[in-house]
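Given next are the chains, with one letter for each unit.
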Amino acid sequence: MSLSFLLAMLRGNFGLTSRILKCEFSGFGLGFLVLIIGINWLYFIIQKRNLMKLREKFFEQNGGFLLKQQLSSNETTIESTKIFSAKELEKATNNYSNDRILGRGGYGTVYRGILRDKRIVAIKKSIIMDHSQIEVFINEVVILTQVNHRNVVKLLGCCLETEVPLLVYEYVSNNTLFYHIQNSGDMPWFSWENRLRIATEAASALAYLHSSAAMPIIHRDVKSANILLDEYYTAKIADFGASRLIPIDRTQVTTLVQGTLGYLDPEYFQTSQLREKSDVYSFGVVLAELLTGRKPLCIQKSEEEMNLSTYFVMFVTKNRLFQIIEPRILKEGSLEQISAVAAIVKRCLELKGEERPTMKEVMMELEGLRKYNLQSHKQEEIIPDRNMRLTSEQHPDLYPV
């Protein structure tokens, strides 16, 4: 309380006392407000500085400097590859809002993002990161930025300022092949001709990764859910979260078994020896899905029917192929063409990897079938009785397996 206030009270000037009291409390309130703002500002500055230090720590921890060094030494990737900031991707995804989620998987969550230049991208946020494998991860990022194939989803860049690195891919708008197979009844465009085209495009992408990329890449999780379709229904192989680079002088590597049940190569599962033929097996399951419309693994079915790969091979071996083929395909395709694709499936699903074809061979065979000019048949001749057991004696040219 000030001296002027005390004097006023002593003089009995209560009106003046009231005015001084208001001024005193007004000044105190203003000072208190300034103090609160100052504390908040200081707290904000400290928090921002701590966040910057944390992001710098994550950037270094996730191999940011190594990535910058490798990108700067490669003129072909430096222009097309970007290291995004955490703030940039938070804004692009509306702080990773649930309504931006495109899908979830065993390796992480994918978000739809809109960058400052209005480009739509897919941002993959992994669940975990093995920091002992940072150098391998960085090498894979560098290699994937050099992958240039129309049927492989393009990696645009990454963010290393978060605890787990984020990968930024081109956005592919028309859902997954798995979705289209399971909902084919509502999609007139999903004809046999288009299925064969999509299969050929996916095979072409995998063949490129195995034999034409800067360093061979084994996808390790080939499945219909990882084959995306763009606005023109062009196939694009996606999700390289489990992928591994294979040194040119080696044909296989020993790894922890990763993949998706129903697609997993049994030889790889038993030996932990990962090789290109593991992708071939998984692709055989995808082809079987395209032919049958069935899921690769369905626990609701009988033990015999539960696993599509073994069920399909059994039907082909017993010359009962057309009992398992989707009716629409029987209407639209020829017996010769369907049988030839089934033969490819059976070879891809061989239990021994050495007995499977390469992805390049699969691609060339599928491409040949697409270009093959079939003789015209009447509709009745194309559709066999699904309950009839077709034998190789009745149709000796239909079972080249």
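Reading the values: rules and limits
- Residues numbered from 1 in each chain as written.
- Predicted model: local features only at pLDDT ≥ 70, side-chain atom pairs only at ≥ 80, totals over all residues.
- Heavy atoms only, no water.
- Helix = DSSP H or I, 4+ residues; strand = E, 2+ residues; numbered from the N terminus.
- Buried < 20%, exposed > 50% of the residue type's maximum accessible area, 1.4 Å probe, protein only.
- Contact = heavy atoms within 4.5 Å.
- Areas by Shrake-Rupley, 256 points an atom, 1.4 Å probe, with all protein chains shown as cover.
- Pairing = 2+ DSSP bridges.
- Salt bridge = Lys/Arg side-chain N within 4 Å of Asp/Glu carboxyl O.
- pLDDT = per-residue confidence, 0-100.
- Phe/Tyr/Trp six-rings, centres within 6.5 Å; stacked < 30°, edge-to-face > 60°.
- Lys NZ or Arg CZ within 6 Å of the ring centre and 35° of its normal.
- Polar contact = N/O pair within 3.5 Å; in protein donor to acceptor, adjacent residues only side chain to side chain.
- Core = buried A, V, L, I, M, F, W, Y, C linked by side-chain atoms within 4.5 Å.
- Expected span 1.5 Å × (residues − 1).
- Arc of directions from axis to C-beta.
- Axes fitted to C-alpha atoms, helices over the stretch in contact; angles between N-to-C directions.
- Parallel < 35°, antiparallel > 145°, perpendicular 65-115°, else oblique.
- Left-handed = near helix turned anticlockwise from the far one by under 90°.
- Nonpolar A, V, L, I, M, F, W, Y, C, P; charged D, E, K, R; others polar.

Trainee: Can you help me understand the overall build of the protein chain in this one?
Mentor: Along its length, the protein chain carries 16 helices and 12 strands. With 401 residues in all, the protein chain has 45% of them scored as buried. Partitioning the intrachain contacts of the protein chain with sequence separation of at least 6 by distance along the chain shows that 63% fall at a separation of at least 24. Summed over all atoms, the accessible surface of the protein chain reaches about 21900 Å², with 54% contributed by carbon and sulfur.

Trainee: Looking at this structure, I do not really get the sheet that holds strand β2 (residues 101–104). What am I missing?
Mentor: In sheet architecture, strand pairing relies on hydrogen bonds along the backbone and comes in two forms, parallel and antiparallel. Taking strand neighbours across the sheet as the criterion, the six strands line up as β1-β5-β6-β4-β3-β2 in an open arrangement whose pairing is mixed. Two strands lie at the open edges of the sheet, namely β1 (82–83) and β2, each paired on one side alone. Summarising the sheet, β2 and strand β3 (residues 108–114) pair through three bridges and their orientation is antiparallel. Bridge pairing links Arg104 to Thr109 in β3.

Trainee: What's the story with the pattern of salt bridges in this structure? I'm lost.
Mentor: Side chains that differ in sign of charge can pair as their charged atoms come close. For the coordinates displayed, the defined rule picks out 12 salt bridges. Residue Glu367 pairs with Lys371 through a salt bridge whose shortest N-O separation is 3.8 Å. Here Glu367 pairs with Lys371, and both are found in helix α15 (residues 359–371), just four residues apart, close to one helical turn. Put simply, Lys82, Glu88 and Arg116 are held in one network by salt bridges that share partners.

Trainee: How should the confidence of the model for the protein chain be read in this particular structure?
Mentor: Mean pLDDT over the protein chain: 78, with 68% of residues reaching 70 or higher. Counted against residues more than four places away or in other chains, residues 373–401, with its pLDDT under 50, gives 49 contacts.

Trainee: Help me understand unusual backbone geometry, please; the structure alone is not making it clear to me.
Mentor: The phi torsion of most residues other than glycine is negative, and most of the peptide bonds are trans. Even without being a glycine, Tyr96 presents a positive backbone phi close to 55°. The phi angle at Ser272 is positive, at roughly 65°, despite the residue not being glycine. Its location among the elements puts Ser272 in the loop between α9 (266–271) and β12 (273–275). With relative accessibility at 22%, the residue Ser272 sits in the partly exposed group.

Trainee: Any chance you could explain the pairing of strand β4 (residues 120–126) here in plain terms?
Mentor: Consecutive side chains of a regular strand alternate in pointing toward one face of the sheet and then the other. Where β3 meets β4, seven bridges bridge the pair, whose relative direction is antiparallel. Within β4, the position partnered with Thr109 by the bridge is Lys125. Hairpin remark: β3 followed by β4, antiparallel, with five residues in the connecting loop; positive phi at Lys118, about 75°. Pairing geometry for β4 and strand β6 (residues 166–170), over five bridges, is antiparallel.

Trainee: What am I meant to see in the side chain of Glu326 here?
Mentor: Tracing the backbone shows Glu326 in the loop between α12 (308–317) and α13 (327–332). Glu326 gets classed as buried once you look at its relative accessible area, which sits at 12%. Not counting the four nearest positions on each side in its chain, Glu326 is found in contact with Ser184, Arg195, Leu291, Thr292 and Gly293.

Trainee: Is there a simple way to explain the packing of aromatic side chains in this structure?
Mentor: Within the structure shown, the criterion is met by four aromatic pairs. A network of ring pairs unites the aromatic residues Trp189, Phe190 and Tyr233 as a single cluster. Against the face of Tyr171 rests Arg112, its NZ or CZ located 5.7 Å from the ring centre. A cation sits over an aromatic face here: Arg320 above Phe315, 4.5 Å from the ring centre.

Trainee: Sorry if this is basic, but what is going on with the side chain of Thr93 here?
Mentor: Within the secondary structure, Thr93 sits in the loop between α5 (86–92) and β2. Look at Thr93 and you get buried, because its relative accessible area is 0%. A polar side-chain atom of Thr93 sits 2.9 Å from the main-chain carbonyl oxygen of Leu89. A polar side-chain atom of Thr93 sits 3.4 Å from the main-chain carbonyl oxygen of Glu90. Filtering out sequence-adjacent residues up to four positions away, Thr93 remains in contact with Arg100, Tyr111, Arg112, Gly113 and Ile123.

Trainee: Is there a simple way to explain the nonpolar core in this structure?
Mentor: Ranked by size, the top nonpolar core spans 74 residues in total, and within it Phe283, Leu291, Phe312, Ile325 and Leu366 carry the most contacts. Among the elements that make up this core, the one with the highest residue count is helix α8 (residues 192–211) (11 residues). Non-local contacts of Leu366, meaning those with residues more than four positions away in its chain, are made with Leu196, Ala199, Thr200, Ala203, Phe283, Leu287, Val341 and Ile344. Ranked by size, the runner-up nonpolar core spans 13 residues in total, among them Ala92, Tyr96, Val121 and Val168.

Trainee: What exactly am I supposed to notice about α15 here?
Mentor: Owing to its 3.6 residues per turn, the α-helix brings residues three or four apart onto one side. Taking 1.5 Å of rise per residue, the 13 residues of α15 would be expected to cover 18 Å, and the 18 Å separating its terminal C-alpha atoms lies within 8% of that figure. Along α15, the residues that are buried comprise Met359, Val362, Met363, Leu366 and Leu369. Down the axis of α15, the smallest arc covering the buried residues is 125°, so these residues share one side. The exposed residues of α15 that point more than 90 degrees off its buried face are Met364 and Lys371. Where α15 is buried, its residues contact α8, α10 (276–292) and α14 (335–348).

Trainee: Looking at this model, I keep getting lost on the packing of α8 against α15. Mind explaining?
Mentor: Working note: a packed helix pair is described by the angle between its axes plus the distance between those axes. Axis separation between α8 and α15 bottoms out at 8 Å; the angle between their running directions is 155°. Here α8 is positioned roughly antiparallel relative to α15, judged by the angle of their axes. Two packed elements cross with a definite hand, and for α8 against α15 that hand is left-handed. Every residue of α15 that contacts α8 at Leu196, Arg197, Ala199, Thr200, Ala203, Ser204, Leu206, Ala207 and His210 is listed here: Met359, Lys360, Val362, Met363, Leu366, Glu367, Leu369 and Arg370. For the contact of α8 with α15, the per-class residue count stands at 10 nonpolar, three polar and four charged.

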